[in-house]
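Examination of the molecular architecture
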Amino acid sequence: MAFIGLVTVLVLIHNTAGVLGAEVSSSIVGGQDALKNKWPWMVHLNITSDGVKKWRCGGTILNSQWILTAAHCWVTDPPPKLDRCVVWVGAHSLEVGAERYMQVDTIVPDEKYGALSSGYVNDIALVKLKKKIRFSKQVSGDYGGPLVCSSAGGFVQVGIMSYGSPDGCGLPGRPGFYTQVSKHLTFINDWIHR
């Protein structure tokens, strides 16, 4: 089963990269600090339900007010309290902090999102920020974080980290599973262009 999952991820990367003209190359996964300004589209999501239960996810900046991430980061029991959740913009090390901390206004999970015993389907959500990001040049988790491929025009996001081994991300023989972003472009565009 794990082998089939790995093949699926590789096919997703290969097929999407071919469509988008992106080349696939390896990158570090699993919690190392990013070089400052290296991945400016990434954010860290610090999520809490009651001030005691906290968890972290990654996300991608779509524009000045919208973040793309995994739905399972937000569809939880108990649900997160949005006034206690913070988006870290411009972080390259979680020990150092971020350039800016943004408050969350709204969470929009895909209406077809679902949790299965073995993972998730349509694991994609949009996070609307209360205020717009003023862009400079900096901006860094695992679940909800992007799978990107290099292309002639920069980087293209082809996936969102959905789920993997309970032992951790990026482990040999334990593939991660990604939501294919290109299958959700209508959902994304319908919300961010309202």
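The structure contained in this document is the topic of the report that follows.

What counts and what doesn't
Residues numbered from 1 in each chain as written. Predicted model: local features only at pLDDT ≥ 70, side-chain atom pairs only at ≥ 80, totals over all residues. Heavy atoms only, no water. Phe/Tyr/Trp six-rings, centres within 6.5 Å; stacked < 30°, edge-to-face > 60°. Lys NZ or Arg CZ within 6 Å of the ring centre and 35° of its normal. Buried < 20%, exposed > 50% of the residue type's maximum accessible area, 1.4 Å probe, protein only. Helix = DSSP H or I, 4+ residues; strand = E, 2+ residues; numbered from the N terminus. Arc of directions from axis to C-beta. Contact = heavy atoms within 4.5 Å. Disulfide = S-S within 2.5 Å. Pairing = 2+ DSSP bridges. Axes fitted to C-alpha atoms, helices over the stretch in contact; angles between N-to-C directions.

A separate point is the packing of aromatic side chains. With the rule as written, the count across this model stands at three aromatic pairs. Between Trp41 and Phe155, the ring centres sit 5.1 Å apart and the planes meet at 45°, which makes this aromatic pair tilted. Summarising the aromatic geometry, the rings of Tyr113 and Tyr120 are spaced 6.0 Å apart at their centres and angled 20° between planes, so their arrangement reads as stacked. Its guanidinium or amino end placed over the ring of Trp55, Lys53 lies 4.8 Å from that ring's centre, counting from NZ or CZ. Here Arg194 stacks its cationic end above the ring of Trp191, 3.6 Å away from the centre of that ring.

Along helix α2 (residues 185-192), the residues that are buried comprise Phe187, Ile188 and Ile192. Down the axis of α2, the buried set is contained in an arc of 110°. They therefore lie on one face. For α2, the elements touching its buried residues are β4 (66-69), β6 (100-109) and β9 (125-129).

Attention now moves to the state of the cysteines. By the definition in use, this model includes one disulfide. Covalently, Cys57 is tied to Cys73 through a disulfide, its sulfur atoms 2.0 Å apart. Disulfide Cys57 to Cys73: torsion about the S-S bond roughly -100°, handedness left-handed. Taken together, the residues span a long stretch of sequence, with Cys57 in strand β3 (residues 54-61) and Cys73 in the loop between β4 and β5 (86-89) at a distance of 16 residues. For Cys57, a relative accessible area of 3% gives the class buried. Its relative accessible area of 1% is what places Cys73 among the buried residues.

A word on the pairing of β3. Here is the key point about a regular strand: its side chains alternate between the two faces of the sheet. Counting buried positions along β3 gives six out of eight residues, so the element sits mostly inside the fold. As consecutive antiparallel partners, strand β2 (residues 42-48) and β3 are separated by five residues, and within that stretch Gly51 has a phi angle of approximately 90°, a positive value. Both β3 and β4 contribute to a ladder of two bridges, which runs antiparallel. From the neighbouring strand, Thr60 faces β4, where its bridge partner is Leu68.

With respect to topology, six strands assemble into a closed barrel ordered β2-β3-β4-β9-β6-β5, the strand pairing being antiparallel. Across the sheet, the mean angle separating the axes of adjacent strands is 40° when strand polarity is ignored. Direction of pairing for β2 relative to β5: antiparallel, over a ladder of four bridges. When the sheet's bridge partners are listed, Leu45 is paired in β5 with Val87. Contacts from α2 reach β4, β6 and β9 within the one sheet, and its direction differs from that of β9 by about 20°.

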